[in-house]
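The chain contents come next:
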Amino acid sequence: MKYSIKNICCIGAGYVGGPTMAVIASHCPNIQINVIDINEERIKAWNDENLNNLPIFEPGLESLIRKCRNKNLHFSCNVQKHIANADMIFISVNTPTKEKGLGSGQAIDLKWIDSTARQISKYARGKTIVVEKSTLPVKTAKTIKEILGSKNLPKKQFKTQDSEFVVLSNPEFLAEGTAIKNLQKPDRVLIGGEELEAIEALSKIYSHWIEKEKIITTNLWSAELSKLTANAFLAQRISSINSISALCEATGADINEVALAIGTDQRIGKEFLKSGPGFGGSCFKKDILNLIYLCNYYGLKEVSDYWQKVLDLNDWQTRRISKTVVEKLFGTISGKKIAILGFSFKANTNDTRESPAIKICRELLEEGGKISIYDPKVSLNQIKSDLGLEKYNLNNSFDGSWKFENSIIEASRNADAIILVTEWEEFNQIDWDKISKVMRHPAWLFDTRSFKNTYKANYYGIRVWKLGNGLEE
Ligand code: UDX
Ligand code: UDX
């Protein structure tokens, strides 16, 4: 075999790089894996003896780190050394939406990909397979190849002085909160590339724990586009069900009953039909914006308009939560205390990127509300940075506009309303009798995630609004 993979380097120790490498390390004890990052704090956290201090929270991650760290899984800032030693390099750096310049607000900012490719080109030695893990615009592999030094080289491979590269696209489909489960038992693994031996080398790694039939191989561009398309389709389902949630509220129908009724049709399927405060996370919005940018670039205006609507609907869904809260609280929340339960974009993660909670809090702050926030995993500093220090003069005292609380009960004390934003399981266990006694009445509960137990709040004297449920109490 042309490639023998003994040493892997992953550039980017984030939500994708960290868990992905931990799972590969646990299944491939004979491969040494170095996860590198320019962020020293992050690497320090990955190496912390206390596993509660890992930089990301993912169920099942701790035990993998305990098993593999400092055996065949290492976290380091030594970019040069680990790139030079690697037979295979995964690029897992972040790819945010561009904030300025050409394509601003839509196109993906490739500055980290660019600088990473330059580092690889500078330090790599020998035959190296470069694997795109980050979500990228179609044709990025071409850019990477060019940066790696393809000038006078054959089509599929290219050499710099003492190195030879081949580029593969291997997009990641894991969802946060279930990342380890998704990596251990993926629906499929997708590998796009031009050189069979390189594709086989990567397939061989995955075949340590994944059936061969689940490994799909395609050309490079199909793999890159499939990742964008998968996220766009998933997001589109959420916007579809959320659009119907508003109609349910208007007509007296119940969105969960509708979702169950349509989801049992196998052609529709039951997954991704949960109505909520709008999708968040680092991927959906960014990838759809990128898809829109690509469509416009290729002159496909109707297609880009179609996907833009998925984003517009999502934005509208989030905004109508704060609007409903203000309306129900007699048109003003000035000076009223509103408890926000849940700040992460979904349960079982500490990630807040694009979380609907950010938008909801900002709008309530603008309306003059006093916000108390509780989340089991998101830190005070993270919330501070998400809400923006300057604008709201945030000083963690309740004299200011918002306060971080360490428990549900403290967040709810004297609150006029509670909004359940994230579907953390502990919110399903809330003792509404106890909470009702500490709230200010008339008290409201806004349930944006269809919790099973919230009907009990009504029994204890709290008025309940449930998203997508027309039978308001
Ligand atoms: C991933 C994907 O890679 C991205 O394409 C996808 O759309 C979102 O998910 P993620 O792992 O969530 O990104 O990002 P993040 O947690 O921000 O981690 C990226 C890491 O790369 C950061 O720790 C950052 O410091 C690091 N980085 C960035 C480098 O090490 N080098 C760089 O040049 C740039
Ligand atoms: C997503 C994709 O699922 C994953 O394949 C890709 O690799 C990265 O992007 P992630 O963003 O981590 O993963 O989580 P996901 O479970 O997809 O949830 C995204 C958002 O949609 C969350 O805000 C979630 O609350 C929301 N959502 C999801 C709904 O509102 N309803 C649903 O039925 C499902």
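Since we're looking at a predicted model, the values are computed, not measured.

*Asks:* An account of the overall build of the protein is needed here, citing residue identities and associated values.
*Replies:* Along the backbone of the protein there are 18 helices and 15 strands. Here the C-alpha atoms of the protein give a radius of gyration of 24 Å, agreeing with the 23 Å that 2.2 N^0.38 yields for 473 residues. Each principal axis of the C-alpha distribution contributes one length, and for the protein these read about 75 × 50 × 45 Å. The 473 residues of the protein split such that 54% are buried. Summarising the internal contacts of the protein: among those between residues at least 6 apart in sequence, 74% fall at separations of at least 24. Total accessible area on the protein is roughly 21700 Å²; 50% of this is exposed by carbon and sulfur atoms.

*Asks:* I'd like a rundown of the pattern of salt bridges, residues and numbers included.
*Replies:* Counted according to the given criterion, the structure contains 27 salt bridges. Measuring nitrogen to oxygen at the nearest pair gives 3.5 Å for the salt bridge that ties Glu 176 to Arg 353. In this pair, Glu 176 is assigned in the loop between strand S7 (163-169) and helix H7 (179-184) and Arg 353 in the loop between strand S10 (337-341) and helix H13 (356-366), connecting sequence segments 177 residues apart. Judged by its relative accessible area of 35%, Arg 353 falls in the partly exposed class.

*Asks:* Tell me what's going on with the site of ligand 1, and back it up with residues and numbers.
*Replies:* In the vicinity of ligand 1 there are 22 residues, among which Asp 37, Arg 42, Thr 95, Lys 286 and Arg 353 approach most closely. The separation between an oxygen atom of ligand 1 and a polar side-chain atom of Arg 353 is 2.8 Å. For ligand 1, the protein covers 92% of the area, taking 690 Å² as the surface of the free molecule. Looking at the shell around ligand 1, the element that brings in the most residues is helix H5 (residues 111-123), giving 3 residues.

*Asks:* So what about a nonpolar patch on the surface? Which residues, and what values?
*Replies:* Together, Tyr 297, Tyr 298, Leu 300 and Val 303 make up a nonpolar patch on the protein surface, roughly 440 Å² of accessible area in all. Here Tyr 298 is to be found in the loop between helix H11 (284-297) and helix H12 (301-328).

*Asks:* Now, about the environment of Gln 32: what can you tell me, with residues and values included?
*Replies:* Counting through the fold element by element, Gln 32 comes out in strand S2 (residues 32-36). A C-alpha to C-alpha distance of 40 Å links Gln 32 and Tyr 374, two positions 342 residues apart in sequence. Ignoring any residue separated from it by four or fewer positions in sequence, one finds Gln 32 in contact with Lys 6, Asn 7, Ile 8, Lys 71, Asn 72 and His 74. Polar side-chain contacts of Gln 32 include one of 2.7 Å to the side chain of His 74.

*Asks:* Which residues make up the site of ligand 2, and what values do they have?
*Replies:* By nearness alone, 19 residues border ligand 2, and Phe 173, Glu 176, Lys 227, Lys 274 and Lys 346 come closest of all. Between ligand 2 and Glu 172 there is a distance of 3.2 Å, counted from an oxygen atom to a backbone nitrogen or oxygen. A distance of 3.0 Å is found between an oxygen atom of ligand 2 and a backbone nitrogen or oxygen belonging to Phe 345. Surface burial for ligand 2 is 91%, taken as the share of its 660 Å² of free accessible area covered by protein chains. If one sorts the elements of the shell around ligand 2 by residue count, helix H9 (residues 220-251) sits on top with 4 residues.

*Asks:* Now, about unusual backbone geometry: what can you tell me, with residues and values included?
*Replies:* A cis geometry characterises the amide bond from His 441 onward to Pro 442, with omega recorded as 5 degrees. Within the fold, Pro 442 resides in the loop between helix H17 (432-438) and strand S14 (443-447). Positive phi values are uncommon outside glycine, yet Phe 272 reaches one of about 60 degrees. Relative to the assigned elements, Phe 272 resides in the loop between helix H10 (255-263) and H11. Despite not being glycine, Asn 414 shows a phi value in the positive range, around 65 degrees. By secondary structure assignment, the location of Asn 414 is in the loop between helix H16 (408-412) and strand S13 (417-420).

*Asks:* So, the pairing of strand S9 (residues 215-218): which residues are in play, and what are the values?
*Replies:* The pairing of strand S8 (residues 189-192) with S9 spans 4 bridges and is classified as parallel. Looking across to S9, one finds that Ile 191 is bridged to Thr 217.

*Asks:* Help me get a handle on the packing of H12 against H13, residues and values and all.
*Replies:* For the pair H12 and H13, interaxial distance at closest approach is 9 Å and the crossing angle is 40 degrees. As far as their axial angle goes, H13 and H12 are oblique. Crossing of H12 against H13: the hand is right-handed. Seen from H12, the contacting residues are Asp 315, Thr 318, Arg 319, Ile 321, Ser 322, Val 325 and Val 326; seen from H13, they are Pro 356, Lys 359, Ile 360, Glu 363 and Leu 364. Partitioned by chemical class, the residues of the contact of H12 with H13 number 6 nonpolar, 2 polar and 4 charged.

*Asks:* Can you tell me about the pairing of S2, naming the residues and giving the values?
*Replies:* With 4 of 5 residues buried, S2 is to be regarded as a mostly interior element. In this sheet, S2 lies alongside strand S1 (residues 7-11) in parallel orientation, the contact comprising 5 bridges. The partner of Ile 8 across the bridge, within S2, is Ile 33. The parallel pair S1 and S2 is bridged by helix H1 (residues 17-27), and the resulting crossover is right-handed. Taken together, the 4 bridges between S2 and strand S3 (residues 73-76) define a ladder with parallel strand orientation. Bridge assignment links Val 35 to a residue of S3, and that residue is Phe 75.

Definitions and limits used
- Residues numbered from 1 in each chain as written.
- Chains lettered and ligands numbered in written order.
- Predicted model: local features only at pLDDT ≥ 70, side-chain atom pairs only at ≥ 80, totals over all residues.
- Heavy atoms only, no water.
- Helix = DSSP H or I, 4+ residues; strand = E, 2+ residues; numbered from the N terminus.
- Rg over C-alpha atoms; globule rule 2.2 N^0.38 Å.
- Buried < 20%, exposed > 50% of the residue type's maximum accessible area, 1.4 Å probe, protein only.
- Contact = heavy atoms within 4.5 Å.
- Areas by Shrake-Rupley, 256 points an atom, 1.4 Å probe, with all protein chains shown as cover.
- Salt bridge = Lys/Arg side-chain N within 4 Å of Asp/Glu carboxyl O.
- Near = heavy atom within 4 Å.
- Polar contact = N/O pair within 3.5 Å; in protein donor to acceptor, adjacent residues only side chain to side chain.
- Patch = residues over 30% accessible without salt bridge, like charges linked within 9 Å, V, L, I, M, F, W, Y side chains within 5 Å.
- Pairing = 2+ DSSP bridges.
- Axes fitted to C-alpha atoms, helices over the stretch in contact; angles between N-to-C directions.
- Parallel < 35°, antiparallel > 145°, perpendicular 65-115°, else oblique.
- Left-handed = near helix turned anticlockwise from the far one by under 90°.
- Nonpolar A, V, L, I, M, F, W, Y, C, P; charged D, E, K, R; others polar.
- Right-handed = clockwise from strand over helix to strand, strands pointing away.

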